[in-house]
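The residues making up each chain are set out below.
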Amino acid sequence: MKFHAQHDQMDCGPACLAMVASHYGKDFGLQYLRDKSFITREGVSLLGISEAADKIGFKTMAAKLKSENIDGELMPCILHWNQNHFVVLYKIKKNILTGKNIYKIADPGHGFISLSEEKFKKSWLSDGEKGVALFLEPTAEFHQQTPPKEEKLSLKYLLKYLTSYKRQIAQVFFLLLAGTLTTLIFPILTQKLIDDGVSKKDLSMISYILLAQLAFFLGNIIFDILRNWIMLVIGTKINIQIISDFLKKLLKLPIKFFDTKLMGDFNQRIQDHERIENFLTSQSLLTLFSALSFSVFFGILWYYDVKILVVYVLLTLVSVTWSLYWMRKRKILDYFRFQQRSQNQESIYEIINGVSEMKLNQFEDFKRREWEQIQQKLFKVNIRILKLDQIQLSGFEFINQLKNILVTFLAASFVVKENMTLGALLSVSYIIGQMNTPVNQLISFFRSLQDAKLSLARLNEVQNHPEEEQSHQLPLFGTQASVKNGIERGIYLKNLSFQYEGPQSPFILKNINLFIPEGKVTAIVGASGSGKTTLMKMLLKFYEPVQGDIFFNHLNIKDISPEDLRKNCGVVMQDGFIFSDTIERNIATSDENIDTEKLQKALHTANIKHFIAELPLGLHTKIGAAGNGLSGGQKQRMLIARAVYKNPHFIFFDEATSALDAENEKIIHDHLQSFFKGKTVMIVAHRLSTVKHADQIIVLKHGQIVEQGKHQELIRQKGDYYHLVKNQLELGN
């Protein structure tokens, strides 16, 4: 069975399924299985894993049973672990000495582990007696399937970043070459110093040779300073370019992609780029010239004695093989460290952002202990990595030292037998010392290459994920959208259904048939969880329908460019974001040159002028990250001003005035009425004052439309709408 590590904190389910599939000879990519299992930011359910397994040809059966009832013939199977994780149980064997069961587990977050029965039960049994398992049996369909080939980033993809710096790299090449040549002169000068200076007692020769050594040494220092300066410039620029390209690609991905990721996962990926930059700018070039130095010293050593060279080469091969063997074992630990660091960052982010709520609810100690537990896990992974590194390094150093001693002994025996001069002995010793550096550099290169490949694997899902914007998509108001077809213009929802987590999950919206007429105000009301916000997000193309269609003036939303659609929409969401920037930039957002007239109109409509006038810097006042320092009402007015400034064709408001006091709400509501003229408006709200003047009111309940009409009509029906608003004010007659 091939081990698959989880790339992100919530990937354990797809990783387990990938391992089970590999056991039966099929290698499915993690991204493919992630998409099929309907993973969310909370992780994946057993139902989601079962759905994905069905799609790739497994027959599945979930069961709750005791550990003694697990049938060995049904392994490998997926177990629900510690109530929040999934692992693969692939073997149970008897301990020869104790006769007790040993459980072999493949944990995508920790690797292959063996557990005693007691520890196994502690992690698996959910109610003290039974645990949940998913058994998978491959069908004929599974064996007939060809896993989709996932395009993987190669090192060739990285080398393109070096091409823009050909001149600087050429300079580095020259400096490295010059440094290498000066280094090669030292063994020759050492031999001359002993044989022509010390042995012949020629002080002037000794002085000349030592002065030459000093000059070459100073030259080497200058070459190193210049090289490091150039490498810093190249490295910094490449790192900026790599991360900029990553963010550019990331921001082109659909919203759905971000729903499955945590903040720590993205932070770790950005740190991964630093490892790639280190590999590109430092390790690769240094290794190239280390190989050149090694080759030249190799030739000189051959010139001195072939026997010494053979001993050196053989023991060098042994030391390199030793290092590469332990590096293979280190590879999996890098995945685990990624996971723990990601959790660590997520935990710190949550503590900092949730400090007010923690203090209000005495949650500080619990969250601090939770962070400490993550640190303990990270500590254990670091200990394992350190242990491996020490074994690798100690063995490598021992073999190297043994090699140096043997070569020195051989050279010394040649001097005793007068087959070699004393100067040649010192020269050989110097060469051996210099040749060890390229070998060490080679090991560092292999480690850096391994790190770069692991980082590439994690970046792969971002770089190869389909972008939201596609070339075939059409502008919202292009020629095809404006064809006169005699049908009323507006937004059509036909048999629209949506669910977040796959075919077996509950429907958030079900069989919605709705027409939102152009130039009119449509209000959506309903209890919390009825699907109002989800409906709005679907109209903004955040999610695609599971069934049915959405049309904008008879142009299917699937064919519309999402960027162009949103460009024509003014939106205020419940969780609207305030950027760490000035007030005017928060309102004008992407406009390079802010239109003062539009800005003033937006401020007037949102009734925010008085608040801004009280600030010392007015519109140039910088707001804290996520709107820190603003009240809920002030944030909402800023978001309304942002939507008004765009002067869009479509307006979508989701509880846009819920945090406002009655006075401000009335003023803004009156201002918005004139702004809404000629625009297609959809308002999600609970307050009667916000929706009663709408041209049509849609009542949602459990994801379905239960009532539709104008305010007075719905009141007379005394149905769901009546019950929703009757407690807000006295209805009168």
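Residues numbered from 1 in each chain as written. Predicted model: local features only at pLDDT ≥ 70, side-chain atom pairs only at ≥ 80, totals over all residues. Heavy atoms only, no water.

The next thing to look at is the side chain of N664. Inspection of the secondary structure puts N664 in helix 21 (residues 662-675). With relative accessibility at 13%, the residue N664 sits in the buried group. Excluding its chain neighbours within four sequence positions, the residues that come into contact with N664 are N607 and R637. (Helix = DSSP H or I, 4+ residues; strand = E, 2+ residues; numbered from the N terminus. Buried < 20%, exposed > 50% of the residue type's maximum accessible area, 1.4 Å probe, protein only. Contact = heavy atoms within 4.5 Å.)

Residues I587, I640, F653, L672, F676 and Y721 are the most contacted members of the largest nonpolar core, which totals 46 residues. By residue number, the principal contributor to this core is helix 20 (residues 632-646), which donates 7 residues. Look past the residues within four positions of I640 in its chain and what remains in contact with it is V572, A606, A656, T657, I668 and L672. The next biggest cluster of nonpolar side chains, apart from the first, holds 30 residues, and it includes F498, L535, L539 and F552. (Core = buried A, V, L, I, M, F, W, Y, C linked by side-chain atoms within 4.5 Å.)

What follows deals with the pairing of strand 9 (residues 521-526). As a general feature of sheets, a regular strand has side chains that alternate between the two faces. Counting buried positions along strand 9 gives 6 out of 6 residues, so the element sits mostly inside the fold. A two-sided burial pattern is seen for strand 9, the buried positions comprising V521, A523 and V525 on one face and T522, I524 and G526 on the other. Across 4 bridges, strand 9 lies against strand 14 (residues 680-684) in parallel orientation. The residue of strand 14 that forms the bridge with A523 is I683. (Pairing = 2+ DSSP bridges.)

On the UniProt side, "transmembrane region" (unreviewed entry) is annotated at positions that read residues 169-190, 202-223, 285-303 and 309-327 here. A distance of 32 Å separates the end C-alpha atoms of residues 202-223, which is 95% helix and 0% strand. Strand forms 0% of residues 309-327 and helix 100%; the C-alpha atoms that close the span are 27 Å apart. (UniProt positions renumbered as here; feature names shortened; annotations may be inferred.)

Read from one edge to the other, the open sheet built from 6 strands follows the order 1-6-2-3-4-5, with strand pairing classed as antiparallel. Here the strands that pair on one side only, and so sit at the sheet edges, are strand 1 (58-65) and strand 5 (111-116). Pairwise comparison of adjacent strand axes, ignoring direction, gives a mean angle of 30 degrees for this sheet. Two strands pair when backbone bridges link them, and strand 1 and strand 6 (residues 131-138) are joined in this way by 8 bridges, in the antiparallel orientation. Along strand 6, the bridge assignment pairs A63 with A133. In the packing of helix 1 (residues 12-23) onto the sheet, the strands contacted are strand 1, strand 2 (77-81), strand 3 (85-94), strand 4 (101-107) and strand 6, and the crossing angle to strand 3 comes to about 40 degrees. Of the strands in this sheet, strand 1, strand 2, strand 3 and strand 6 touch helix 3 (residues 46-55), which is tilted by about 155 degrees from strand 1. (Axes fitted to C-alpha atoms, helices over the stretch in contact; angles between N-to-C directions.)

For the rest of this paragraph, the subject is the packing of helix 20 against helix 21. For the pair helix 20 and helix 21, interaxial distance at closest approach is 13 Å and the crossing angle is 5 degrees. Here helix 20 is positioned roughly parallel relative to helix 21, judged by the angle of their axes. Where helix 20 abuts helix 21, its residues R637, I640, A643 and V644 lie against N664, I668, L672 and F675. The residue makeup of the contact of helix 20 with helix 21, split by class, is 6 nonpolar, 1 polar and 1 charged. (Parallel < 35°, antiparallel > 145°, perpendicular 65-115°, else oblique. Nonpolar A, V, L, I, M, F, W, Y, C, P; charged D, E, K, R; others polar.)

Once that is clear, we can look at the packing of aromatic side chains. Under the criterion given, the structure shown has 21 aromatic pairs. Taking the centre distance of 5.8 Å and the plane angle of 20 degrees together, the rings of F28 and Y32 count as stacked. Accessibility expressed as a relative area gives 21% for Y32, which makes it partly exposed. Through a chain of ring-to-ring contacts, the aromatic side chains of Y24, F28, Y32, F58 and F142 assemble into a single cluster. Positioned above the aromatic ring of Y645 is the side chain of K598, whose terminal nitrogen or guanidinium carbon lies 4.7 Å from the ring centre. (Phe/Tyr/Trp six-rings, centres within 6.5 Å; stacked < 30°, edge-to-face > 60°. Lys NZ or Arg CZ within 6 Å of the ring centre and 35° of its normal.)

Turning next to the packing of helix 18 (residues 596-605) against helix 20. Contact geometry for helix 18 and helix 20: axes closest at 8 Å, N-to-C directions at 140 degrees. In this view, helix 18 runs oblique relative to helix 20, as classed from their interaxial angle. As for how helix 18 packs across helix 20, the hand of that crossing is right-handed. Here helix 18 contributes K598, L599, A602 and T605 to the contact with helix 20, which in turn contributes A641, V644 and Y645. Looking at side-chain class alone, the contact of helix 18 with helix 20 contains 5 nonpolar, 1 polar and 1 charged residues. (Left-handed = near helix turned anticlockwise from the far one by under 90°.)

Looking now at the pattern of salt bridges. A complete count under the given rule lists 13 salt bridges for this structure. A salt bridge links E370 to K367, with the nearest nitrogen and oxygen atoms 3.0 Å apart. With E370 and K367 both in helix 13 (residues 364-416) and 3 residues apart, this pair spans about one turn of that helix. With a relative accessible area of 12%, K367 lands in the buried category. (Salt bridge = Lys/Arg side-chain N within 4 Å of Asp/Glu carboxyl O.)

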